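Breakdown of the fold
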Amino acid sequence: MKAVFDREALASAFQLTGSVVPTRTPKVILQNVKLSVTKKQAVLKATDLESVGITMEVRGVQVEEPGDILLPTGRVNSILRECTDEEIKIEGNEDGTTIRGQFSEFDLPGENPDQYPTVTGFDTDKYHSIASGKLKEMIHRTIFAAASESARYALTGVLWELNEEKVRLVATDGKRMAVVDGHGEAHNGHATGSTTPVVPTKVMQLVEKNLSVSEDPVYVRISTNDALFKIGGAEIYGRLVEGRYPSYREVFPKKTVVKIPLMVGPLTSVIRQAAILTDEDTRGVDFHFAKGTLTLNAKVAEKGRAKIELPVAYDAKPMTTTFDPKLVLDMLRVLEPDTEINLELVENNSVALFTAPGNYSYIVVPLTRGEGR
């Protein structure tokens, strides 16, 4: 294999591809990225053989000799990051690889690229197409709510529902839940139907990194055991999370008594102020609604108390509920400060439903007094 690459383009593609490479694995060959060069293109491939794989085309390549090589992820990442050359030449085989710049040269040991496992690619006529910018927003608004660790393994990812022109993403960790709806176009009857496919958080993060804020189409195929995404020159494979996803629709309040309009920026400010007087043991903030005012109260024994007020359009009977401020702030951070949202409540210390433009819903479970104090 012999080819000349635009260093910045290769470095960007290599960094994204290398992000799926496992740091520890009994299969040492997986700590490499496979570079496959044909007469027309160059493609990087990587997989952890457990949950994720990626194939990414590299732009700006001058091919001199087609072939496949394996590149050790850590060292090649460092070389591409530290070199200042606009172009670099890579030449290699299973015996070794040489990376040359104008004034630098690196010789690396080689491995047999034929031993590298196959990375699943996007090869199907059944899929959904979704605008890149919209999907990026949908992932950004949900992924943070997924559980990082949980005995209920199914919560460690994002649920996908794809039916005809509807796309829905759901994420929950049991304390809060984010749901967002978007538009997609089904091709050849592609749908998830009554199944509950959950894509791992690691895969969702990789998909989000590859998405642009544009109307360019992204192709999504979800089957019984895996999900595939085609984003421009990148193809991402993810194995679905095992386990049964909870019946999330039952979490939505059957009715709401009050609906309170709020602005993201001012609400964020007062919650952050109140959160100053919380800690791990007393993390609850009381949200007290009375005529025309939201009052936030927080207190840490022997360390002080906070009382913050915010004028709001509220004229119902007084109502109080206690929330972990982090759970509310996490949601507010994914919205623009000038966004108007609605908070819907049923009664004191009831589940709170926040809704925002773009078919976005966010539910927060209140703390009990024992949890919040």
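Presented here is an overview of the structure given in this document. (Residues numbered from 1 in each chain as written. Predicted model: local features only at pLDDT ≥ 70, side-chain atom pairs only at ≥ 80, totals over all residues. Heavy atoms only, no water.)

1. Brief notes about helix H1 (residues 7-18)
Taking 1.5 Å per residue, 12 residues should reach 16 Å; H1 reaches 16 Å between its end C-alpha atoms and fits that length. Every buried residue of H1 is accounted for by Arg7, Leu10, Ala11, Ala13, Phe14, Thr17 and Gly18. Looking at where H1 begins, the residue whose side-chain oxygen comes 3.2 Å from the main-chain nitrogen of glutamate 8 is aspartate 6. (Helix = DSSP H or I, 4+ residues; strand = E, 2+ residues; numbered from the N terminus. Expected span 1.5 Å × (residues − 1). Buried < 20%, exposed > 50% of the residue type's maximum accessible area, 1.4 Å probe, protein only. Polar contact = N/O pair within 3.5 Å; in protein donor to acceptor, adjacent residues only side chain to side chain.)

2. Looking at the pairing of strand S16 (residues 217-222)
Relative to S16, strand S10 (residues 127-131) runs antiparallel, the two being bridged by four bridges. Note that in S16 the partner of serine 129 across the bridge is tyrosine 219. Taken together, the four bridges between S16 and strand S17 (residues 226-231) define a ladder with antiparallel strand orientation. Counted as the bridge partner of tyrosine 219 is lysine 230 from S17. Counting the residues that bridge the hairpin from S16 to S17 gives three residues. (Pairing = 2+ DSSP bridges.)

3. What about the environment of serine 19?
Within the fold, serine 19 resides in the loop between H1 and strand S2 (32-37). Under the relative-accessibility criterion, serine 19 is labelled partly exposed at 36%. Separated by 54 residues in sequence, serine 19 and threonine 73 place their C-alpha atoms 9.1 Å apart.

4. Re the side chain of serine 132
If you trace the backbone, serine 132 turns up in helix H3 (residues 132-140). Ignoring any residue separated from it by four or fewer positions in sequence, one finds serine 132 in contact with Leu211, Ser212, Ser214, Glu215, Asp216 and Val218. (Contact = heavy atoms within 4.5 Å.)

5. Concerning the nonpolar core
Judged by nonpolar contacts, the single largest core of 102 residues is most densely connected at Phe5, Trp160, Phe229, Leu267, Ile341 and Phe354. Contacts of phenylalanine 5, omitting those with residues within four sequence positions, involve Leu10, Leu35, Val37, Ala42, Val58, Gly60, Val61, Glu86, Glu87, Ile88 and Ile90. (Core = buried A, V, L, I, M, F, W, Y, C linked by side-chain atoms within 4.5 Å.)

6. Brief notes about the sheet that holds strand S11 (residues 157-163)
Across the sheet, which stays open at both edges, the eight strands sit in the order S15-S11-S12-S13-S26-S25-S24-S19 with antiparallel pairing between neighbours. The two strands at the open ends of the sheet, each matched to only one other strand, are strand S15 (198-200) and strand S19 (258-263). Along the sheet, successive strands turn relative to each other by an average axial angle of 20°, direction set aside. Strand direction decides the pairing type here: strand S13 (residues 176-183) and strand S26 (residues 360-364), joined by five bridges, are antiparallel. When the sheet's bridge partners are listed, arginine 176 is paired in S26 with valine 364. Those strands touched by H3 are S11, strand S12 (166-172) and S13, and its axis lies near 170° from that of S13. Across the sheet, helix H6 (residues 325-332) touches S13, strand S24 (340-345), strand S25 (352-356) and S26, and the angle it forms with S26 is around 170°. (Axes fitted to C-alpha atoms, helices over the stretch in contact; angles between N-to-C directions.)

7. Re unusual backbone geometry
Even without a glycine there, the phi angle at asparagine 188 is positive, about 55°. By relative accessible area, asparagine 188 is classed as exposed at 52%. Of note, the phi angle at asparagine 349 is positive, near 55°, even though the residue is not glycine. Topologically, asparagine 349 is positioned in the loop between S24 and S25.

8. A look at the packing of aromatic side chains
The full count for this structure, using the stated rule, is six aromatic pairs. Their ring planes at 75° and their centres at 5.2 Å tell us that tyrosine 127 and tyrosine 219 sit as a pair that is edge-to-face. Of this pair, tyrosine 127 sits in strand S10 while tyrosine 219 sits in strand S16, placing them 92 residues apart in sequence. Between phenylalanine 287 and phenylalanine 323, the ring centres sit 5.2 Å apart and the planes meet at 75°, which makes this aromatic pair edge-to-face. Of the two residues, phenylalanine 287 is situated in strand S20 (residues 285-290) and phenylalanine 323 in strand S23 (residues 319-323); the sequence distance between them amounts to 36 residues. As far as burial versus exposure is concerned, phenylalanine 287 and phenylalanine 323 are alike and both buried. Put simply, the rings of Phe122, Tyr127 and Tyr219 touch in pairs and so form one group of aromatic residues. (Phe/Tyr/Trp six-rings, centres within 6.5 Å; stacked < 30°, edge-to-face > 60°.)

9. What to know about the pattern of salt bridges
Enumeration over the complete set of coordinates arrives at 18 salt bridges. Between glutamate 105 and arginine 100 there is a salt bridge; the shortest N-O distance is 3.2 Å. Of the residues examined, glutamate 105 reaches a relative accessible area of 48% and is grouped as partly exposed. Taking relative accessible area as the criterion, arginine 100 reaches 31% and is therefore assigned partly exposed. With its nearest N and O atoms 2.8 Å apart, the salt bridge here joins lysine 326 to aspartate 330. With a gap of four residues between them, lysine 326 and aspartate 330 both fall in helix H6, about one helical turn apart. The exposure class of lysine 326 is partly exposed, given its relative accessible area of 47%. Aspartate 330 sits in the buried class, given a relative accessible area of 11%. In the salt-bridge network here, residues are joined through shared partners; they are Asp173, Arg176, Lys326, Asp330 and Arg333. (Salt bridge = Lys/Arg side-chain N within 4 Å of Asp/Glu carboxyl O.)

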